[in-house]
Amino acid sequence: MATLPAVETPPAVVAPTPVVQPRKGLRAYWHLYAAISPFYLLFLCFGLIPVGFSLYLSFHRWDGLGSMEWAGLSQYRYLLGDSQFWSSIGTTIVIWALATFPMIFLAMVTAVLLNSAVRFRTLYRVAYFLPNVTSVVAIAIVFGSVFSTNFGLVNAFLQGVGFDQIAWLNTPWGIRIAVATLMTWQWTGYNAIIFLAGLQTVPGELYEAARMDGAGPVQTFFRITLPMMRPVLLFVLVVSTVTGLQSFSEPQVLLQNTSNDSTFSGGPGHAGRTMVLYFFQQTFDNNDFGYGAAVAWGIFLVVVLFSIINWRLVQRRGED
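Residues numbered from 1 in each chain as written. Predicted model: local features only at pLDDT ≥ 70, side-chain atom pairs only at ≥ 80, totals over all residues. Heavy atoms only, no water.

### As for the nonpolar core
Among soluble globular proteins, nonpolar side chains are generally buried collectively.
Here is step 1: Within the largest apolar cluster, 20 residues are counted, with the highest numbers of intra-cluster contacts made by F143, F147, L169, V179, L182, L254 and L255.
Here is step 2: Looking at this core, the elements with two or more residues in it are α3 (83-116), α5 (136-146), α7 (172-199) and α11 (249-255).
Here is step 3: A per-element tally of this core places α7 first, with 6 residues.
Here is step 4: Counting 17 residues, the second largest nonpolar core, distinct from the first, contains I89, V276, Y291 and F306. (Core = buried A, V, L, I, M, F, W, Y, C linked by side-chain atoms within 4.5 Å. Buried < 20%, exposed > 50% of the residue type's maximum accessible area, 1.4 Å probe, protein only. Helix = DSSP H or I, 4+ residues; strand = E, 2+ residues; numbered from the N terminus.)

### A closer look at the layout of surface pockets
Here is step 1: Its volume calculated, the largest pocket comes out at about 770 Å³.
Here is step 2: Residue lining of the largest pocket: 23 residues in total, with I104, M108, F221, L226 and L233 positioned closest to the centre.
Here is step 3: A per-element tally of the lining of the largest pocket places α3 first, with 9 residues.
Here is step 4: In terms of residue class, the lining of the largest pocket is made up of 16 nonpolar, 5 polar and 2 charged.
Here is step 5: Within this model, the second largest pocket holds a volume of roughly 350 Å³.
Here is step 6: For the second largest pocket, the lining is made up of 14 residues, of which Q246, A296, W297, I299 and F300 are closest to its centre. (1 Å grid on protein atoms, 1.4 Å probe; cavity = no way out; pocket = protein on both sides within 12 Å on 5 of 7 lines; lining within 4 Å. Points joined across faces, edges and corners; volume = space filled by probe spheres on them. Nonpolar A, V, L, I, M, F, W, Y, C, P; charged D, E, K, R; others polar.)

### Structural notes on the environment of F129
Here is step 1: Tracing the chain through its elements places F129 in helix α4 (residues 121-133).
Here is step 2: Residue classification places F129 among the partly exposed residues on the basis of a relative accessible area of 30%.
Here is step 3: When the C-alpha atoms of F129 and G189 are compared, they prove to be 4.9 Å apart, with 60 residues separating the residues in sequence.
Here is step 4: Excluding anything up to four places from it in sequence, F129 contacts Y190 and I193. (Contact = heavy atoms within 4.5 Å.)

### Considering unusual backbone geometry
Here is step 1: Here the phi dihedral of H270 falls at roughly 55°; this positive angle occurs in a residue that is not glycine.
Here is step 2: Its place among the elements puts H270 in the loop between α11 and α12 (275-285).
Here is step 3: Phi at N287 is positive, roughly 55°, even though this residue is not glycine.
Here is step 4: For N287, the position within the fold is in the loop between α12 and α13 (289-319).

### Focus: the packing of α7 against helix α10 (residues 230-245)
Here is step 1: Put simply, α7 and α10 touch, their axes get as near as 10 Å, and they point 155° apart. Between α7 and α10, the crossing angle belongs to the class labelled roughly antiparallel. Handedness of the crossing formed by α7 with α10: right-handed. The residues of α10 that touch α7, namely those facing M183, N191, I194, F195 and G198, are V232, L233, F235, V236, S240 and G244.
Here is step 2: When grouped by side-chain class, the residues that make up the contact of α7 with α10 number 7 nonpolar, 4 polar and no charged. (Axes fitted to C-alpha atoms, helices over the stretch in contact; angles between N-to-C directions. Parallel < 35°, antiparallel > 145°, perpendicular 65-115°, else oblique. Left-handed = near helix turned anticlockwise from the far one by under 90°.)

### Description of the environment of V238
Here is step 1: Note that V238 resides in helix α10.
Here is step 2: In this structure V238 comes out as partly exposed when scored by relative accessible area, which is 22%.
Here is step 3: Spatially, the C-alpha atom of V238 lies 9.7 Å from that of V304, the residues being 66 residues apart in sequence.

### Describing the packing of aromatic side chains
Here is step 1: In this structure the tally under the stated criterion is 22 aromatic pairs.
Here is step 2: Look at F85 and W86: their rings are 6.0 Å apart centre to centre, the planes differ by 65°, and that puts the pair in the edge-to-face class.
Here is step 3: Take F85: its relative accessible area is 4%, and that puts it in the buried class.
Here is step 4: The exposure class of W86 is partly exposed, given its relative accessible area of 47%.
Here is step 5: Considering the side-chain rings of W297 and F300, the 5.5 Å spacing of their centres and the 75° angle between planes classify their relative orientation as edge-to-face. (Phe/Tyr/Trp six-rings, centres within 6.5 Å; stacked < 30°, edge-to-face > 60°.)

### Here's the deal with helix α9 (residues 217-228)
Because the α-helix completes a turn every 3.6 residues, residues three or four places apart line up on one side.
Here is step 1: For α9, which comprises 12 residues, the first-to-last C-alpha distance of 15 Å matches the rise-based estimate of 16 Å (1.5 Å per residue) to within 8%.
Here is step 2: Of the surrounding secondary structure, the elements contacted by the buried residues of α9 are α7 and α8 (204-212). (Expected span 1.5 Å × (residues − 1).)

### Some details on the side chain of Q281
Here is step 1: One can find Q281 in helix α12.
Here is step 2: Residue Q281 is classed as buried on the basis of its relative accessible area, which comes to 9%.

### Quick notes on the packing of α3 against α10
When two helices pack together, their arrangement is captured by the angle between the axes and the distance separating the axes.
Here is step 1: One can describe the packing of α3 onto α10 by two numbers: an axis separation of 10 Å at closest approach and a directional angle of 145°. Of the two possible hands of crossing, α3 and α10 adopt the one that is right-handed. In this structure, α3 uses T92, W96, T100, M103 and I104 to contact α10, whose residues at the interface are L233, V236, L237, S240, T241, G244 and L245.
Here is step 2: Counted by class, the contact of α3 with α10 contains 7 nonpolar, 5 polar and no charged residues.

Here it is, written out as structure tokens:
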């Protein structure tokens, strides 16, 4: 009778013992934390602490020199009924609307032209970006001469085509149009570069398919370009809202010599007094730092509210 060979039992598989890495504390990464610490230290000193102090200050009355006096919510209640503050909000919104919508339209048109340009493309980009890096004070001085009543280029053009002169910097709507024109000129090139970057991310196959289907330039723009550019458009609109509602240097420099009332009055009749100008007037002209801090937080809430509204409007149109 044949004997069966013995079956060898395979050796048991022993799981390797995991090697426990020793925990490294903060000392092991101190050089990494030290490398990034300057940003956080600067943000703490010049960002977080001033914001917290302004909130604390808004509940006190303080002239900047003496002791603080607790005011509670009285300054916020006064702010809600302050007609001058609400007037500055209206002025800011009007200037923002007059500047933002033409600026976005011109920036988009400029970006489309730059995207289709073949020669000197880099030169055009630099030229359109220059207004944004130029000093706002220098720009405002130049625009003050451009909109001058007697010797301005705008009135010279109007007289050349048979119209009368307009006192741009002495009438309410003239002031707002002048400030809005300055802001439009300053930010159009910057936003055009952003739109150009967005246009270059649109796949070229979509345009080729549209041309094969017989779509014209207008249909291609509204059916392909605008839907694909919606995130970029949302970014530009929100940033323009934040910067436009905080306009200060443009009206302050442009209108500082047109009124004897205050350095931050915004011209005759306070026609160009924006929210930030009103904040500076209350804080530095009236030496009311507590109420000025309350005005600053009111400006913050207005900017956040308008940013949310713009974001929701663009998102809703995208869903439709």
